[in-house]
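# Architecture at a glance
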Amino acid sequence: MTPEDPPRYRVHPSPIGDILIVTTDDGIVTLHPFEGPLHAEIERVALQLRALPVPDDDTDAAAPGAAAAFESAVTQLDEYFDGDREEFDLPLDWRLVRGFTRAALEAVCDIPYGETASYGEVAIAAGIPRAARAVGTACATTPFSVVVPVHRVVRADGSLGEYGGRPEVKRFLVDLEQGPSIPAAPTAAGAAETPAPH
């Protein structure tokens with residue numbers, strides 16, 4: 001990435017909320033749902049990258065690789081949420097992930113669709129059996145939500161745990177993968193829900 005080729009971003013709507021996708025010349029550097037103002041999320045990513053992402057103009061011939069990465073990401077996300085895709089095949093730029101965090105996230109990628117693994121099991125798969133808490137940190141700080149399926153990592157007792165403070169999103173993703181039909185989109189915590197008819 002050079003000053004002439006800044007990172008680019010798009011926001012894609014999904015059943016779990018807007019998803020920010022940021023690309024560099026090396027692939028997708030972050031892809032995650034976000035809440036709150038877009039500018040705050042862009043500033044956070046800019047601090048991590050030490051470069052300000054610019055909005056992607058899909059007609060920009062100067063960035064054909066970025067356009068292809070965005071199109072692949074959008075298509076694969078839509079297929080996943082429609083229940084038509086079980087794994088992602090996207091170019092990921094791992095520059096924001098180092099050391100054991102990367103090993104843990106790569107181990108998470110090996111958890112099959114529709115299944116879960118405990119933090120301890122992922123730690124073993126990543127090569128450091130006593131690092132369950134570090135796996136939790138890796139999952140909590142991943143720049144790649146959904147496409148690196150950290151939602152498949154659960155507590156030792158089988159309970160889901162958190163998902164960036166949004167356990168309802170984690171429940172939705174697990175249900176999407178384990179259920180025979182597509183679940184209803186998650187509601188914000190504290191939002192009133194319509195009772196089911198009896």
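One can find the structure itself at the top, above this paragraph.
Notes on the structure in this doc start here. Quantities reported herein were computed from a predicted structural model and do not represent experimental measurements.

Two elements in contact, helix H3 (residues 99–108) and helix H5 (residues 132–141), have axes separated by 9 Å at closest approach and are oriented at 80°. The orientation of H3 with respect to H5, classified from their angle, is roughly perpendicular. Contacts between H3 and H5 involve Phe100, Thr101, Ala104, Leu105 and Val108 on the former and, on the latter, Ala134, Val135, Ala138 and Cys139. A per-class count over the contact of H3 with H5 returns 8 nonpolar, 1 polar and no charged.

On inspection of all chains with the given rule, the structure shows 11 salt bridges. For Asp56, the salt bridge identified is with Arg10, shortest N-O distance 2.8 Å. With Asp56 in the loop between strand E4 (54–55) and helix H2 (64–81) and Arg10 in strand E1 (residues 8–12), the pair connects residues that are 46 residues apart, well separated along the chain. Of the two residues, Asp56 and Arg10, neither departs from the other in class, the shared state being buried. In this structure, Arg152 and Glu177 form a salt bridge, with 2.8 Å as the shortest nitrogen-oxygen distance. With a gap of 25 residues between them, Arg152 in the loop between H5 and strand E6 (153–154) and Glu177 in helix H6 (residues 167–178) connect regions that are remote in the sequence. A single salt-bridge network, built from bridges that share partners, covers Arg10, Asp56 and Glu71.

The element E1 is extensively covered by neighbouring structure, given that 4 of its 5 residues are classed as buried. A loop of 6 residues connects E1 with strand E2 (residues 19–24), the two strands running antiparallel in sequence, and Gly17 in this loop sits at a positive phi of about 110°. Where E1 meets E4, 2 bridges bridge the pair, whose relative direction is parallel. Bridge assignment links Tyr9 to a residue of E4, and that residue is Pro55.

Looking now at the sheet that holds E1. Pairing is mixed in the open sheet, where 4 strands are placed in the order E3-E2-E1-E4. Sheet topology places strand E3 (27–33) and E4 at the edges, where each strand pairs with a single neighbour. Each of E1, E2 and E3 touches helix H1 (residues 38–49); the most contacted strand, E2, lies at about 30° to it.

What follows is about unusual backbone geometry. A positive phi angle is found at Arg50, which is not glycine, with a value near 60°. Along the chain, Arg50 turns up in the loop between H1 and E4. A residue is classified by how much of its surface remains accessible, and Arg50, at 80% relative accessible area, is exposed. In this model, Val146 sits at a positive phi of 70°, which is unusual for a non-glycine residue. With respect to the secondary-structure elements, Val146 resides in the loop between H5 and E6. Classification of Val146 by relative accessible area gives buried; the value is 1%.

Bringing the environment of Ala46 into the picture now. Examined against the element boundaries, Ala46 turns out to sit in helix H1. Residue Ala46 is classed as buried on the basis of its relative accessible area, which comes to 13%. Residues Ala46 and Pro7, spaced 39 residues apart in sequence, show a C-alpha to C-alpha distance of 8.9 Å. Excluding its chain neighbours within four sequence positions, the residues that come into contact with Ala46 are Ala51, Leu52 and Pro53.

Cut-offs and rules
Residues numbered from 1 in each chain as written. Predicted model: local features only at pLDDT ≥ 70, side-chain atom pairs only at ≥ 80, totals over all residues. Heavy atoms only, no water. Axes fitted to C-alpha atoms, helices over the stretch in contact; angles between N-to-C directions. Helix = DSSP H or I, 4+ residues; strand = E, 2+ residues; numbered from the N terminus. Parallel < 35°, antiparallel > 145°, perpendicular 65-115°, else oblique. Contact = heavy atoms within 4.5 Å. Nonpolar A, V, L, I, M, F, W, Y, C, P; charged D, E, K, R; others polar. Salt bridge = Lys/Arg side-chain N within 4 Å of Asp/Glu carboxyl O. Buried < 20%, exposed > 50% of the residue type's maximum accessible area, 1.4 Å probe, protein only. Pairing = 2+ DSSP bridges.

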